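Breakdown of the fold
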Amino acid sequence: MEVFDPAELWNREQIEIVQLSRLKSAIVHARNCAFYRERLEQAGIGPDSLQSPDDIRRIPFTTKQDLRGQYPAGLLCVPPSEIVRMHCSSGTTGAPVAVCHTQNDVNTWADLMARCLYMVGVRREDVFQNMSGYGLFTGGLGIHFGAERLGCMTIPAGAGNTRRQIKLIRDFRTTVAHILPSYALILGEHLRSNGENPRDLPLRIAVVGAEPYTEEFRRRMEELFDIKIYNSYGLSEMNGPGVGFECTEQSGLHIWEDAYLAEIVDPETGDPVPAGEVGELVMTSLCREGMPILRYRTRDLTRFLPGECPCGRVHRRVDRILGRTDDMFIIKGVNVYPMQIEEVIMTFPEVGQNYLIVLENDGVSDIMRVQVEVRDECFVEDMRILQNLQKAIARRLRAEILLTPRVELVESNSLPRAEGKAVRVRDLRDDK
Ligand code: AMP
Ligand code: ZN
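The text that follows walks through the structure, step by step, so that each part is easy to find. (Residues numbered from 1 in each chain as written. Chains lettered and ligands numbered in written order. Predicted model: local features only at pLDDT ≥ 70, side-chain atom pairs only at ≥ 80, totals over all residues. Heavy atoms only, no water.)

A few words on the coordination of the zinc ion (ligand 2). Bound to the zinc ion (ligand 2) on the protein side are Cys247 (SG), His254 (NE2), Cys309 (SG) and Cys311 (SG), at distances that span 2.1 to 2.3 Å. Relative to the metal, the 4 donor atoms surrounding the zinc ion (ligand 2) lie at angles of 103 to 117°, and the coordination shape comes out tetrahedral. All donors of the zinc ion (ligand 2) come from a single chain, and their spacing in sequence reads C-x6-H-x54-C-x1-C. On the basis of relative accessibility, which here comes to 5%, the residue Cys309 falls in the buried class. (Donors = N, O, S within 2.8 Å, 3.2 Å for Na, K, Ca; no water. Tetrahedral: all angles 85-135°; square planar, octahedral: opposite > 155°, others 65-115°. Buried < 20%, exposed > 50% of the residue type's maximum accessible area, 1.4 Å probe, protein only.)

Structural data, given as structure tokens:
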């Protein structure tokens, strides 16, 4: 197997030896900031407290709240002059968190990203178009430097401006793109509404991530553009993209265990979940100099996939992100994740690409409306067909979430589009 980095071929024993030694160094290094020095002292943890990577459980968690509390530079573990770049998380869930990187940090990050791209077949001969926002969002520069590291001609197209994106793809024969799921939709629709066939573009691969999407969505997009789509996972707190990535098996995302230590815990108790069960991903940066982060509660829900990947890499795989602990909403006492809704509605071929969940209160009780875009062809047909579709969707949703939402079928392109991360749920209940 051709790999970008020999670390991809390490066996479990090699991975664990390196993890333990890097974890020990990370703990020593983290004590350069007052926050971790106090935390680790309180917990009585020093490098000698750890005998195996599992002993990481003795280290206290770091939460988003902790990071916000240390904004902007409380977690710096090197002199400020060593910092060459900072990024912020997108702040979809509140105040931002800043992460500062040394030159070694940005180099390691670019190597990890290049490793991901190489794994799915991207080579220096490819032309890589990055359609995500640049600026503070890590999907811009993070992916960009990975593609450059591989030697690809890398086009920093940025987000939006669909006409120009398509022109660049055509003029420069772009073969690989990085796209957010919500933007893939916009691109496809734009082409179709101009009577063009998305399959005619020179694209062969798209790296799609930064927000959750379902397997069904992936298959639809692969079919629409006639490309292979690989899931890319990352978060600013752990650099950004390049943390977890699908290989060509498309069966779970490998977490690079030489750079990160991943755990999955019960979000309520913080204890490890039994093997293979869904829980919250907790991540530790093993090599970061600027701002090491220990046991970060990502709020992302996933599970470890059992067994080894047929690709031969031993680095553990996680399932696609199923949602976030803070994505979940409670309606009439039922816990619901937006991805449960997406999974159901995308199985209906009549359903278009976009949907929105609206939560309201009519003064008596909570109401959940699911607005679903339906393909144009369906609107010219008999009203009864639409009514049946509406009922069928409501029935299937009921089977999944145990309550019956109001399903509203709307025309394609009528729901709001996001150019950054998609907003799937509009909760109007507090506005009452
Ligand atoms: P940010 O740090 O602002 O880039 O946001 C990181 C968050 O985006 C993660 O914690 C996830 O919730 C989400 N995210 C990133 N990549 C993916 C992905 N491939 N699938 C699902 N969610 C993702
Ligand atoms: Zn694999």
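Backbone torsion omega between Tyr71 and Pro72 reads 0°, so that peptide bond is classified as cis. By secondary structure assignment, the location of Pro72 is in the loop between helix 3 (64-69) and strand 1 (83-88). Of note in the backbone geometry, Ala210 takes a positive phi value of approximately 80° without being a glycine. Relative to the helices and strands, Ala210 resides in the loop between strand 6 (205-209) and helix 8 (215-225). Given the relative accessible area of 27%, Ala210 is considered partly exposed. With a phi close to 70°, Arg299 is a non-glycine residue in the positive phi region. Tracing the backbone shows Arg299 in strand 12 (residues 296-302). (Helix = DSSP H or I, 4+ residues; strand = E, 2+ residues; numbered from the N terminus.)

Each aromatic ring pair is described using two quantities: the centre-to-centre distance and the angle formed by the ring planes. As enumerated under the stated definition, the model contains 3 aromatic pairs in all. Pairing Phe4 with Tyr118 gives two aromatic rings, centres 6.2 Å apart and planes at 50°, and the pair type is tilted. Taken together, the residues span a long stretch of sequence, with Phe4 in the segment before helix 1 (12-30) and Tyr118 in helix 4 (residues 103-119) at a distance of 114 residues. Looking at Phe4, the relative accessible area reads 29%, which means it is partly exposed. The exposure class assigned to Tyr118 is buried, which follows from its relative accessible area of 16%. When the centroid spacing of 4.9 Å and the interplanar angle of 75° are considered together, the rings of Phe35 and Tyr36 count as edge-to-face. For Phe35, a relative accessible area of 12% puts it in the buried group. (Phe/Tyr/Trp six-rings, centres within 6.5 Å; stacked < 30°, edge-to-face > 60°.)

Turning our attention to the layout of surface pockets. By volume, the second largest pocket amounts to about 460 Å³. Surrounding the second largest pocket, 25 residues form its lining, Asp54, Arg57, Ala262, Phe304 and Arg316 being those nearest its centre. Contributing elements (two or more residues each) for the lining of the second largest pocket: helix 1 and strand 10 (260-265). Tallying contributions element by element places strand 10 first for the lining of the second largest pocket, with 5 residues. (1 Å grid on protein atoms, 1.4 Å probe; cavity = no way out; pocket = protein on both sides within 12 Å on 5 of 7 lines; lining within 4 Å. Points joined across faces, edges and corners; volume = space filled by probe spheres on them.)

The next subject is the nonpolar core. Side chains of a nonpolar character, in soluble globular proteins, are inclined to be buried together. Tyr36, Leu117, Val122, Met238, Phe245, Tyr260 and Met283 are the most contacted members of the largest nonpolar core, which has 65 residues in total. With 7 residues, the single largest contributor to this core is helix 4. Judged by nonpolar contacts, the second largest core, of 28 residues, contains Leu386, Ile393, Leu397 and Leu409. (Core = buried A, V, L, I, M, F, W, Y, C linked by side-chain atoms within 4.5 Å.)

Here the focus is the sheet that holds strand 4 (residues 153-155). With mixed pairing, the 8 strands of this open sheet are ordered in space as 4-3-5-6-7-8-9-13. Each end of this open sheet is capped by a strand with a single partner; those strands are strand 4 and strand 13 (317-318). Set on the sheet, helix 7 (residues 181-193) makes contact with strand 5 (176-179) and strand 6; between it and strand 5 the angle comes to about 120°. The sheet strands contacting helix 8 are strand 7 (228-235) and strand 8 (240-246), and the helix crosses strand 7 at an angle near 135°. (Pairing = 2+ DSSP bridges. Contact = heavy atoms within 4.5 Å. Axes fitted to C-alpha atoms, helices over the stretch in contact; angles between N-to-C directions.)

Here we come to the pattern of salt bridges. Under the defined criterion, the tally for this structure stands at 34 salt bridges. Between Arg219 and Glu222 there is a salt bridge; the shortest N-O distance is 2.7 Å. Taken as a pair, Arg219 and Glu222 lie in helix 8 at a separation of 3 residues, close to a single helical turn. A relative accessible area of 36% means that Arg219 is categorised as partly exposed. Overall, Glu222 belongs to the buried group, its relative accessible area being 9%. When salt bridges with common partners are traced through the structure, they connect Glu215, Arg218, Arg219, Glu222, Glu246 and Arg320 into a single cluster. (Salt bridge = Lys/Arg side-chain N within 4 Å of Asp/Glu carboxyl O.)

Turning our eyes to something else, we now look at the sheet that holds strand 17 (residues 351-361). Reading across from one edge, 19-18-17-20 is the order of the 4 strands in this open sheet, with mixed pairing throughout. Both edges of this open sheet fall to strand 19 (406-411) and strand 20 (425-427), since each of them pairs with a single strand only. Ignoring which end each strand starts from, the neighbouring axes of this sheet average 20° apart. As paired elements, strand 18 (residues 366-374) and strand 19 share 6 bridges and run parallel to each other. Its bridge partner being in strand 19, Arg369 is matched across the sheet by Arg406. With respect to the sheet, helix 9 (residues 338-345) is in contact with strand 17, strand 18 and strand 20, its orientation differing from that of strand 17 by roughly 140°.

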